[in-house]
Amino acid sequence: AIHNASANVVELFGNVVIRQGALTMRAPEVRYSGNRYQATAPRGIHVEQLGQIVDANKGEYGTRSHIARFFGNVIMHDDTTRVYADTMVVDRQADTMLAMGRVVGFDSTENSWFESDWARRNAASGELMLIGNASIWKWEDGSDTMRVTADTLHAKRSEQDRSRSMDARGRASMIRGTTR
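Note that the coordinates shown come from a computational prediction; the quantities given were computed from them, not determined experimentally. (Residues numbered from 1 in each chain as written. Predicted model: local features only at pLDDT ≥ 70, side-chain atom pairs only at ≥ 80, totals over all residues. Heavy atoms only, no water.)

What follows is about the overall build of the chain. Looking only at helices and strands, the chain features zero helices and 15 strands. Across its three principal axes, the chain shows a C-alpha extent of roughly 65 × 30 × 30 Å. A sequence separation of at least 24 residues applies to 27% of the contacts in the chain between residues at least 6 apart. Counting every atom, the chain has about 10,100 Å² of accessible surface; 49% of that belongs to carbon and sulfur. (Helix = DSSP H or I, 4+ residues; strand = E, 2+ residues; numbered from the N terminus. Contact = heavy atoms within 4.5 Å. Areas by Shrake-Rupley, 256 points an atom, 1.4 Å probe, with all protein chains shown as cover.)

Below, the structure written as structure tokens:
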């Protein structure tokens, strides 16, 4: 470790582990700025929190803002969902995620996959917004399939009955059929 007290910066090398509450960040190298409250991992990052894992080529984490930014080959997954993107921003306090650049995801509980240029998720409201070349494909009972494409897809979950709805905006199409 190298500590520059006058700049309030510490550089950590090797198997770096940083913990903040339920969050654990691992990286081969981390530079922490105490003035900016920012940890930067330029050579790979692995973050775990409450069963959710994010891996990327590079990353940053604000210890005060609780906002994490991931860059290059980003993979976020938990026990039911996996999302791939070029860039991802996760706000731990707001429980939101913004993924950018060829976003592809899979949800095993919903038996669905999605892709778009951008994706924005708000866990508290149960909303997922897919923006730009958006597509969702769902299958049920092994035979019933549905594919929806549009410029923008906005999926919402009702808190009363846990049902889902979807709005398709701009150049929308739906194909539904069976695979048997």
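What follows covers the pattern of salt bridges. On inspection of all chains with the given rule, the structure shows seven salt bridges. Where Arg 31 meets Glu 11, a salt bridge forms, and the shortest distance between an N and an O atom there is 3.9 Å. With a gap of 20 residues between them, Arg 31 in strand β3 (residues 23-33) and Glu 11 in strand β2 (residues 9-20) connect regions that are remote in the sequence. Glu 11 sits in the partly exposed class, given a relative accessible area of 27%. The shortest N-O distance in the salt bridge between Arg 121 and Asp 95 comes to 3.9 Å. Of the two residues, Arg 121 sits in strand β11 (residues 112-122) while Asp 95 sits in the loop between β9 (81-91) and β10 (96-107), which places them 26 residues apart along the sequence. Connected via shared salt-bridge partners are Lys 156, Asp 167 and Arg 169. (Salt bridge = Lys/Arg side-chain N within 4 Å of Asp/Glu carboxyl O. Buried < 20%, exposed > 50% of the residue type's maximum accessible area, 1.4 Å probe, protein only.)

Take the confidence of the model for the chain next. Per-residue pLDDT for the chain has a mean of 91; in total, 97% of the residues score no lower than 70. Within the chain, no element has a lower average pLDDT than strand β15 (residues 173-178), which sits at 84, and none a higher one than strand β4 (residues 38-41), at 97. (pLDDT = per-residue confidence, 0-100.)

To continue, consider the side chain of Ser 135. The residue Ser 135 is located in strand β12 (residues 127-140) in this model. Owing to a relative accessible area of 2%, Ser 135 belongs among the buried residues under this scheme. Polar contacts involving the side chain of Ser 135 include one to the side chain of Arg 147, which spans 3.0 Å. Residues in contact with Ser 135, not counting those within four places in the same chain, are Trp 113, Phe 114, Glu 115, Leu 130, Arg 147, Val 148, Thr 149 and Leu 153. (Polar contact = N/O pair within 3.5 Å; in protein donor to acceptor, adjacent residues only side chain to side chain.)

On to the nonpolar core, then. Among the nonpolar cores identified, the biggest contains 34 residues, and Met 25, Phe 70, Met 88 and Leu 130 are the most heavily contacted of them. No other element matches strand β13 (residues 144-157), which puts five residues into this core. Apart from residues no more than four positions distant in its own chain, Met 88 is found in contact with Ala 68, Arg 69, Phe 70, Val 74, Met 76, Val 83, Met 97, Leu 98 and Ala 99. (Core = buried A, V, L, I, M, F, W, Y, C linked by side-chain atoms within 4.5 Å.)

To continue, consider the packing of aromatic side chains. Enumeration over the complete set of coordinates arrives at three aromatic pairs. Plain terms: the ring middles of Phe 106 and Trp 139 are 6.1 Å apart, the flat faces sit at 25 degrees to each other, and that makes the pair stacked. Placement of the pair is Phe 106 in strand β10 and Trp 139 in strand β12, with a sequence separation of 33 residues. Given a relative accessible area of 36%, Phe 106 falls into the partly exposed group. Relative to Trp 139, the ring of Trp 137 lies with its centre 5.0 Å away and its plane at 45 degrees, an arrangement referred to as tilted. Pairwise contacts between aromatic rings join Phe 106, Trp 113, Trp 137 and Trp 139 into one cluster. (Phe/Tyr/Trp six-rings, centres within 6.5 Å; stacked < 30°, edge-to-face > 60°.)

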